[in-house]
Structure formats: structure tokens, C-alpha cells
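Commentary on secondary and tertiary structure
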Amino acid sequence: MSGQQAELPDLWQGLAAIVRRDLLLAWRRPGDVLNPLFFFAMVSTLFPLATGPSQEQLQLNGPGVLWVAALLAALLSLNSLFLSDYEDGSLDQLMLSAQPLPLLAFGKSFSHWLVGGLPLVLVSPLLALTFQLPARTVGVMMLTLTFGTISLSLLGSIGAALTVGLNRGTALLSLLILPLAMPVLIFGARTVALAATDDAVAAGVYFLAAYCMLALALAPFATAAALKISNE
Amino acid sequence: MTALLQADDLTLFRGDRCLFQGLRFALDAGELLWIEGPNGSGKTSLLRAMAGLIELETGNIMWNGTNAIRHRQRFHGNLAWMAHKIGLKGDLTLLDNLRFESGLRATDWSRLDAILKRLSLSKLTALPLRSLSAGQQRRVTLARMLLADASLWLMDEPFTNLDTAGRDLVTKIVVEHLAAGGMAVVASHQAMQIDAPVRRVLLT
């Protein structure tokens, strides 16, 4: 318009706006949020029932099962990350906004983690009980799961962005993301297992932290580029 | 003196089909560009390419003397978009939807009440958008455009789902926008009776 120019919102306002919107949407549809959490909890509680109550066996398998369940739970919710925005045209509005697209992509990943990743971290101590994991592992497990779920939300957003225009891209999404998620799974499960036997865990934690930082720095840009391709 | 919005030598293919080739047009403050053509002739694609959503095969779009695609942010800060897909969240209230917009681009909230009143949306602000009719949802996209402090409006079939009063309102709002020095690009297969300088692009 003519007249005085209204001011462009700054980056923080843009980030806050998208995080706030996605959290509000999650609040209005709690089912979408609770699904991955239920999946995580069910796999982790059913497994000990199926394998038998031997403490030795449970402690051996526990870290691996918990991590696989967390990984799959995270993958489960990734598919819908950009889907509704794509379908109702919000994605166009995001791409045509005055905010940088990587910032908005980061905002979406961040709220995805808040809604889908953080709850997994928070309930994991309870589930560790079902495997009779020693108390000293709980801290390490929560720490590694925190880094792991953040990495998965960020890396997963690249795959979700690439497959958003495809019909039923779920299988493809998993194929794209799994290779990137492997290091997280291997180091995550192994570090928790080491903690259970009272071994040194620092190396694994450092690796996961570094991987998380790498994803934090690069994934939003890759996601933005992928969105541009998918949303033609 | 070059025009504010200038497009040169635009070419776009979708698959093997050439939608347009060597297309050029210019648009200045207060003018409307009407993209006409039958269904499937590439009106939406041209609009999306102008906005930078689709990559052009060849050609440049210049906004205010700078390349619109390369200086994306400056261009998009001046642009408001309205298309078939409304780009609003059905689960959120009307007000939440508009509030989100204020994080994305410059908006003038002092006008909110007047805009909502004009579009007969004042009483619906606290309802989830899902419960509004298609025409009312369409009006919300209009409210979003008016709220945004954008000089260039890109509108894809703006009359869809609107009743006669709604259509008249759209026409009137666009005329006012043009009179205030704004610009609008409208893709529509319907003829527009509009009292403003109109340029045309005919796609076949």
C-alpha cells in the first residue's frame, strides 16, 4: 500500500509464530501427538512380556529395544510433518512469506520434536523399569535419547519435505531416512548398553551430540531446498 | 522509466508441454494484470512462476529494478497470495490464523476490526475455521490480504465460492487497492468488470 510501510517481523517473531501455530494444532488434535508415544510405550512394555522375565536377558536387550522403538515412533509421525500444510496450501504461504524458508523449516522441526520427541525422552525412564535397567543408566539414556530425537526430527524433515508431493511416500521416506538414522541408533543403543555395564559412555554421548549439532546446522537448509523441489 | 513489475521472455514447460514461450509483460502501480485463458492453459502455473514457486525455463522477473527470484525476500515481503487452496488451518480459529500471518510478513493490525467488519467476519473470530462455509473461508483469505501490507496481489480465481455480494466486494477491494497505488495480478477465466487500468495476458 502507499502510506507508511508497516515493519517486517523479525526472525524471532517468525520462528515463534510457526512454533506457536504447530503447537496449537497439536493441542487441537491430541491423537496425532499421542500415537507415537503409545507406540513407543506399547513396544517397550510388550517386549519383556514376550521374551520372559530373566533379568539378564532383559538388561541385555533393553537398550536396543528402547532405541528401536523410539526410532520407529519418531518415523511414524514424520510422514505428516508437511503433509497438511501441503494439502491446504499453507506451504505456499510459508514459501511466499518474507521470512527465510530454512528458519520456518527449523521451526517446524523444532515443534515436531517438542510434540513427538520430548515426550519419548520423558517417559523413557518409566519404560527402562520394564527392562530392569539399572538406575545409573537412566540419565545417560535420557541424554542420548534427547540428542537422538532432535537429530531424527531434523533429518526426518528433509525426507518429509522430499516426499510431501508424492502419494503415500511413507515407505520412501523411511528408506531415505534410515541410513541417516543408523549412526544415531547404533551409538544411542550402544551407549546405553555401556552405561548398564558401568563402562565409559562419554565417547558415545559426544558423538551423538556432534551428530545432533551437524543436523541442527545443515538440515533446515536441506529441508528448505527439498520443499522448493516438492512444491512446484 | 521501467515498470515496477517487469517480466521478460518467460518460458515454462510442464512435462513435455510448453505452456508459454517468450512471454513478456509489465505492470505499474495502480494497474491490474488479467491472465485469461481456458482451463488447463497454464494460468495458475504462470502465477506460481511469477511468485517464484515454480522455476522458469527462461526469463526474468524484475521487481522494482531487482531480480525478484534472486532477491526473494524483498519481493515476497511485498506480495500477497490467494489461490484455490486457502492456506489456512481448519483447526485454528480465524484470529489464530490471521495472527500467524503477522509472523510471516508485515501486517497492519490497527485495521483488523475494520477489515473483519467489512467482510462480515466480525462475529466468527473465535470459531475454528473448519466450521465456516467455503465462501466465508474465502473471505478470510481476503482479510489476510488486506491485513498484509503488500503492494502486489497475486490472485488465482478469486471469485470461486463467493456469492454475488462477495464477488462485488472482491472487485471493489481490488479497485481500492489499485487506486491506493497497489498492483494486482488476477488469473481468471471469468471476465472482470473493473473500473481500473487493465493489462491482459492471454494464454492458449
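These numbers were taken from a predicted model, which means no experiment stands behind them.

For chain A, the helix and strand inventory stands at nine helices and zero strands. Listed by position from the N terminus, the elements making up chain A come as α-α-α-α-α-α-α-α-α. The C-alpha atoms of chain A give a radius of gyration of 19 Å, which matches the 17 Å a tight globule of 232 residues would have. Scored against the burial criterion, the 232 residues of chain A give a buried share of 47%.

Membership of the largest hydrophobic core comes to 126 residues, with the highest contact counts inside it found for Ala70 of chain A together with Leu79, Ala143, Leu154, Ala184 and Val185 of chain B. It is helix α7 (residues 136-163) of chain A that provides the largest number of residues to this core, a total of 13 residues. Apart from residues no more than four positions distant in its own chain, alanine 70 of chain A is found in contact with Phe40, Leu120, Leu145, Gly148 and Thr149 of chain A.

Another point: the sheet that holds strand β7 (residues 152-156) of chain B. Across a sheet, paired strands are connected by hydrogen bonds in the backbone, their directions being either parallel or antiparallel. All names here are of chain B. Here we have five strands laid out as an open sheet, ordered β6-β7-β8-β3-β9, and parallel in their pairing. Two strands bound the open sheet, and with one partner strand each, they are β6 (79-82) and β9 (198-202). Strand after strand, the sheet turns through a mean of 15 degrees between neighbouring axes, direction not considered. The pairing of strand β3 (residues 32-36) with β9 spans five bridges and is classified as parallel. Of the residues in β9, the one forming a bridge with isoleucine 35 is valine 201. Sheet strands touched by helix α6 (residues 164-179): β3, β7 and β8 (183-187). Its angle to β8, the strand with the most contacts, is close to 145 degrees.

Here the focus is the interface of chain B and chain A. Interface size is commonly expressed as the accessible surface area that is lost when the partners come together. Chain B puts 30 residues into the contact, and the matching count from chain A is 30 residues. Contributions of two or more residues to the side of chain B that touches chain A are made by α2 (72-76), β6 and α3 (94-104) of chain B. Per-element tally for the side of chain B that touches chain A: the top contributor is α3 of chain B, with five residues. Residues of the side of chain B that touches chain A, tallied by class, amount to 13 nonpolar, 10 polar and seven charged.

Residue and element names in this part refer to chain A. By the element assignment, alanine 209 lies in helix α9 (residues 202-230). You can call alanine 209 partly exposed: it has 16 C-beta atoms within 10 Å. For the pair alanine 209 and threonine 223, spaced 14 residues apart in sequence, the C-alpha to C-alpha distance is 21 Å.

Cut-off values and rules
Residues numbered from 1 in each chain as written. Chains lettered and ligands numbered in written order. Predicted model: local features only at pLDDT ≥ 70, side-chain atom pairs only at ≥ 80, totals over all residues. Helix = DSSP H or I, 4+ residues; strand = E, 2+ residues; numbered from the N terminus. Rg over C-alpha atoms; globule rule 2.2 N^0.38 Å. Buried ≥ 20, exposed ≤ 12 C-beta atoms within 10 Å, placed from the backbone. Core = buried A, V, L, I, M, F, W, Y, C linked by C-beta atoms within 7 Å. Contact = placed C-beta atoms within 7 Å. Pairing = 2+ DSSP bridges. Axes fitted to C-alpha atoms, helices over the stretch in contact; angles between N-to-C directions. Nonpolar A, V, L, I, M, F, W, Y, C, P; charged D, E, K, R; others polar.

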